[in-house]
Amino acid sequence: MTAEGTVSDVISSRARWATVLGDCRDGLRSMPDGCAQTCVTSPPYFGLRDYGCDGQIGLEPSPSEYVSAMVDVMREVRRVLRDDGTLWLNVGDSYAADRGGTAMPAETIAGGKRGHGDASARRGRGSTHPHRNARAIGKKHKDLIGIPWRLAFALQDDGWYLRSDIIWSKPNPMPESVTDRPTRAHEYVFLLSKQPRYFYDADAIREEYSGKPYLGTNNGATPRRDRRDAGKTCGMGDHTGRNARDVWTITPEPFAEAHFATMPPELARRCVRAGSRRGDIVLDPFAGAHTTALVA
């Protein structure tokens, strides 16, 4: 099903947007090579949420199978992207656990029960998934699985250029009852590209200067004039802002009728601005709350 137009209409500029309902792998296969400029997406995290459909990504029996499924999806994304296109991938981590129940922290694989946030589990009807138990997936109770970097390295091995690991820092993270580790207050956004040279609009996401000049030197000899890190230029006369850093402090935002893990609009906005020009096609194979589409 589509809204406003078909994917073909969007590609030919006869429509501004289209929503394809169904398995993202099937939807991507219906798209031609090199039609999108950038992909900004946040897939289901491993073992955290049951969407109640068969073959869903995120409920694979093991981390390696989840990573393999994601690599398959992103291989289609790479085909659909232009040669100078980019992928902005937001993904969170999971903990392994030996006990069940819904009182576990939201990022925990709750030892054989459906994850926190699943409606059937909250009503006490959670079905068992013993393969998601810590021991069943080869992890110890309380192990941080390391899903983001497992996936990033797998995509790198599959041909993507891994260009940046951006830290999404959350000033108001989801509360946790843990007392033996810090509360998790960040997620990763990986910037990946098809080619070593790609479209990236540094000016679109420049940050304000810190106000502290950087004193450069000429091969360790006499100090040069003060300069500021502005990316393309470092002269004192440049006032466009400094090159974006790889730590983005963005407050998570509630979204009506959506689950707790929605991507905040500001996070998607930075990725869309840096990865595309006005009029380019922006892709999100895991639409969820449609944050990327709304921002684009």
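For the structure, see preceding data.
The notes below deal with the structure included here. As a convention, each chain's residues are numbered from 1 in the sequence order in which they are written. Restriction of local features to residues with pLDDT of at least 70 applies here, the model being predicted, together with a cutoff of 80 or more for giving and counting side-chain atom pairs; totals for whole chains, interfaces and linings are based on all residues. Heavy atoms from the whole structure form the basis of all side-chain values; hydrogens and water molecules are not counted.

### Focus on the environment of Arg82
For clarity, the threshold we go by: The secondary structure listing takes helices from DSSP runs of H or I that are at least 4 residues long and strands from runs of E that are at least 2 residues long, numbered from the N terminus. Each residue gets one of three labels from its accessible area relative to the maximum for its type: buried under 20%, exposed over 50%, partly exposed in between, using a 1.4 Å probe on protein chains only. Working rule for contacts: check all heavy atoms of both residues, and any pair within 4.5 Å makes them a contact.
Structurally, Arg82 is set in strand S2 (residues 81-91). The class for Arg82 is partly exposed, based on a relative accessible area of 37%. The residues contacting Arg82, other than those within four sequence positions of it, are Gly34, Ala36, Gln37 and Lys194.

### Focus: the packing of helix H3 (residues 63-80) against helix H5 (residues 147-157)
As a reminder of what qualifies: Where helices are involved, their axes are fitted lines through C-alpha atoms of the stretch in contact, as for all axes, and angles between N-to-C directions lie from 0 to 180°. Every angle not falling under 35 degrees, over 145, or within 65 to 115 is termed oblique; those three ranges are roughly parallel, roughly antiparallel and roughly perpendicular. Crossing handedness: left-handed means the near helix sits turned counterclockwise from the far one by under a right angle, and right-handed means the same turn made clockwise. Three residue categories are used. Nonpolar comprises Ala, Val, Leu, Ile, Met, Phe, Trp, Tyr, Cys and Pro, charged comprises Asp, Glu, Lys and Arg, and polar comprises the others, including Gly.
Look at H3 against H5: their axes get within 10 Å of each other, and the N-to-C directions meet at 45°. Judged by the inter-axis angle, H3 sits oblique to H5. Crossing of H3 over H5 shows right-handed handedness. Contacts from Pro63, Tyr66, Val67, Met70, Val71 and Met74 in H3 reach Ile147, Arg150, Leu151, Ala154 and Leu155 in H5. In terms of residue class, the contact of H3 with H5 is made up of 10 nonpolar, no polar and one charged.

### Examining the pattern of salt bridges
So the rule is basically this: What counts as a salt bridge is simple: a side-chain nitrogen of Lys or Arg found within 4 Å of a carboxyl oxygen of Asp or Glu.
Per the counting criterion, the structure on display carries 20 salt bridges. Across the pair Arg270 and Glu266 runs a salt bridge, and its minimum N-O distance is 3.0 Å. Taken as a pair, Arg270 and Glu266 lie in helix H6 (residues 265-275) at a separation of four residues, close to a single helical turn. A residue is classified by how much of its surface remains accessible, and Arg270, at 21% relative accessible area, is partly exposed. With a closest N to O distance of 3.2 Å, Arg277 and Asp280 form a salt bridge. Judged by relative accessible area, which is 34%, Arg277 ranks as partly exposed. When salt bridges that share partners are traced, they join Asp72, Arg75, Arg78 and Asp158 into one network.

### Examining the packing of aromatic side chains
For the record, the criterion: Only Phe, Tyr and Trp rings are paired, with Trp represented by its six-membered ring, and only when their centres lie within 6.5 Å; those with planes under 30 degrees apart are stacked, over 60 edge-to-face, the remainder tilted. Here, a charge over a ring is recorded when the distance from Lys NZ or Arg CZ to the ring centre is within 6 Å and its angle to the ring normal is within 35 degrees.
Taken as a whole, this structure holds seven aromatic pairs when the rule is applied. When the ring of Trp149 is compared with that of Phe153, the centres are 5.3 Å apart and the planes differ by 40°; the resulting orientation is tilted. Of this pair, Trp149 and Phe153 both sit in helix H5, four residues apart, which is roughly one turn of the helix. Classification of Trp149 by relative accessible area gives partly exposed; the value is 27%. Taking relative accessible area as the criterion, Phe153 reaches 42% and is therefore assigned partly exposed. Geometrically, the ring pair formed by Tyr188 and Phe190 is stacked, given 5.5 Å between the ring centres and 5° between the ring planes. Residues Tyr188 and Phe190 agree in their burial class; the two are buried. Note that Lys170 overlies the ring of Trp168, its terminal NZ or CZ placed 4.6 Å from the centroid. It is Arg277 that lies over the ring of Phe199; its NZ or CZ is 3.9 Å from the centre.

### A word on the pairing of strand S1 (residues 36-41)
The test is simple: Pairing between strands is defined by DSSP: at least two bridges between them are needed. For the handedness criterion, the strands are oriented away from the viewer, and a crossover whose path from the first strand over the helix to the second runs clockwise is classed as right-handed.
Within S1, six of the six residues are buried, leaving the element largely enclosed by the surrounding structure. Of the pairings in the sheet, the one linking S1 to S2 comprises five bridges and is parallel in character. Bridge pairing links Ala36 to Leu81 in S2. In this region the chain leaves S1, passes through H3 and returns to the parallel neighbour S2; the handedness of that crossover is right-handed. Sheet analysis places S1 next to strand S8 (residues 282-283), joined by two bridges and oriented parallel. Directly across from Cys39, in S8, lies its bridge partner Leu283.

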